[in-house]
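# Architecture at a glance
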Amino acid sequence: MKRFVKVILPPLIAFWAFAVFIKFTPFFHYVNGASQIGEDSVYGLISYYKVFAPGQILIAVLTQWLIIMPIWDKILAKPKAATLIFISIALVCLIFAFGIAYAIWDKTTGVTHLADICLFMTGVQLFYWIFNFLTLYLLDWKTFKKTISINKEEPANL
């Protein structure tokens, strides 16, 4: 049952946090549903998320189950590996963001616009993953507490 919760809850909380952020940020208050999709703007991306949210949540849950849970199991087994795993996830986010940004980039807008799109998309992905892993940590905080107390006792046994 706990595994099921760790598959479902983190993506839902991450999407909810993103929705709350969009709802209460004055910059995004006048986004109009599907009419702005494909406009190569932040508003178009937000509109895309609003229209296709159910499908994205399904993809997020599948990703959580098939990819993130095995990674999370490795973090639980070796907490010191977490730093390398998080850096790797950030690099993957940057690479995918660059690929998507390059695919939608209009060359007449200049390289600065490409960099802006890439950084924005990387930020959106990292926002999602931060909330996702924070939720997983909160669900497993006792496991980390045990690991820390065991590691503190080891030097005394030498």
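Residues numbered from 1 in each chain as written. Predicted model: local features only at pLDDT ≥ 70, side-chain atom pairs only at ≥ 80, totals over all residues. Heavy atoms only, no water.

### Quick notes on the overall build of the protein
Threshold: Only runs of H or I of at least four residues qualify as helices and only runs of E of at least two qualify as strands under DSSP, and these elements are numbered from the N terminus. Here the term buried applies to any residue with accessible area under 20% of the maximum for its type, exposed to any over 50%, and partly exposed to those in between, with areas from a 1.4 Å probe on protein chains only. A contact between two residues is defined here by any heavy atoms of the two lying within 4.5 Å. Here the Shrake-Rupley method, with its probe set to 1.4 Å, supplies the accessible areas, and only the displayed protein chains count as covering residues.
If you tally the helices and strands in the protein, you get six helices and zero strands. Scanning the protein from its N terminus toward the C terminus, one meets helices and strands in the order α-α-α-α-α-α. Each of the 158 residues in the protein was classed as buried or not, and the buried ones make up 30%. Long-range pairs, those at least 24 residues apart, make up 66% of the contacts in the protein with a sequence separation of at least 6. Within the structure as shown, the protein displays about 10400 Å² of accessible surface, and the carbon and sulfur contribution to it stands at 74%.

### Examining helix H3 (residues 53–77)
Test applied: Each residue is assigned a bend, namely the angle between axes fitted to the seven residues that terminate at it and the seven residues that start at it.
Taking the largest bend as the criterion, H3 deviates by roughly 45 degrees, centred on Ile68, and proline Pro70 comes between one and four positions later. Among all positions in H3, only Gln56, Ala60, Val61, Gln64, Ile68, Met69, Trp72 and Ile75 are buried.

### Description of the packing of aromatic side chains
Put simply, the rule is: Only Phe, Tyr and Trp rings take part, Trp by its six-membered ring, and two of them pair if their centres are within 6.5 Å. Stacked means planes under 30 degrees apart, edge-to-face means over 60, and tilted covers everything else.
Counting across every chain of the model gives nine aromatic pairs. A ring pair is formed by Tyr102 and Trp105, whose centres lie 5.8 Å apart and whose planes are at 40 degrees; its orientation type is tilted. For Tyr102, a relative accessible area of 41% translates into the label partly exposed. Residue classification places Trp105 among the buried positions, given a relative accessible area of 13%.

### Focus: the nonpolar core
To be explicit about the condition: Here, the term nonpolar core denotes a set of buried Ala, Val, Leu, Ile, Met, Phe, Trp, Tyr and Cys residues that are joined through side-chain atoms within 4.5 Å.
The biggest cluster of nonpolar side chains holds 18 residues, and the ones touching the most others in it are Trp72, Ile75, Ile89, Tyr128, Trp129, Phe133 and Leu136. Going through the elements one at a time, helix H1 (2–24), H3, helix H4 (82–104) and helix H5 (111–139) are the ones with two or more residues in this core. Broken down by element, the residue count for this core peaks at six residues, all from H3. Apart from residues lying up to four places away in sequence, Tyr128 is in contact with Pro11, Ala14, Phe15 and Ala60. Residues Trp105, Leu114, Ile117 and Cys118 belong to the second largest nonpolar core, which totals seven residues.

### Some thoughts on a nonpolar patch on the surface
For clarity, the cut-off: Residues enter patches when their relative accessible area tops 30% and they take part in no salt bridge; the joining distance is 9 Å for like charges and 5 Å for the nonpolar side chains Val, Leu, Ile, Met, Phe, Trp and Tyr. Salt-bridge detection follows one rule: a side-chain nitrogen of Lys or Arg within 4 Å of a carboxyl oxygen of Asp or Glu.
On the surface, Leu58, Leu62, Trp65, Leu66 and Ile67 cluster together into a nonpolar patch covering about 540 Å² of accessible area. With respect to the secondary-structure elements, Ile67 resides in helix H3.

### Notes on the pattern of salt bridges
This structure, assessed with the given rule, holds three salt bridges. Lys2 serves as the salt-bridge partner of Asp140, at 3.2 Å between the closest nitrogen and oxygen. Of the two residues, Asp140 is situated in the loop between H5 and helix H6 (141–157) and Lys2 in helix H1; the sequence distance between them amounts to 138 residues.

### Considerations on the packing of H4 against H5
The following threshold applies: Note on geometry: axes are lines fitted to C-alpha atoms, helical ones only across the stretch in contact, with angles between N-to-C directions running from 0 to 180 degrees. Comment on the angle field: the value is read as roughly parallel under 35 degrees, roughly antiparallel over 145, roughly perpendicular from 65 to 115, and oblique elsewhere. Should the near helix be turned counterclockwise from the far one by less than a right angle, the crossing is left-handed, whereas a clockwise turn marks it as right-handed. Note that Gly is not counted as nonpolar here; it falls among the polar residues with everything else outside the nonpolar set of Ala, Val, Leu, Ile, Met, Phe, Trp, Tyr, Cys and Pro and the charged set of Asp, Glu, Lys and Arg.
Where H4 contacts H5, the two axes come as close as 8 Å, and the packing angle between them is 140 degrees. The angle between the axes of H4 and H5 places the two elements in the oblique class. Seen from above, H4 lies across H5 with right-handed handedness. Where H4 approaches H5, its residues Phe86, Ile89, Ala90, Cys93, Leu94, Phe96, Ala97, Phe98, Ile100, Ala101, Tyr102 and Ile104 are matched on the opposing element by Leu114, Ile117, Cys118, Met121, Thr122, Gln125, Leu126, Trp129 and Phe133. Among the residues forming the contact of H4 with H5, the class breakdown is 19 nonpolar, two polar and no charged.

### Points about the packing of H3 against H5
Across the interface, H3 lies against H5 with an axial gap of 12 Å and an inter-helix angle of 60 degrees. On the basis of their axis angle, the class for H3 and H5 is oblique. Along this stretch, H3 crosses H5, giving a crossing that reads as right-handed. From H3, Ala60, Thr63, Gln64, Ile68, Met69, Trp72 and Ile75 reach across to H5, where they touch Tyr128, Trp129, Asn132, Phe133, Leu136 and Tyr137.

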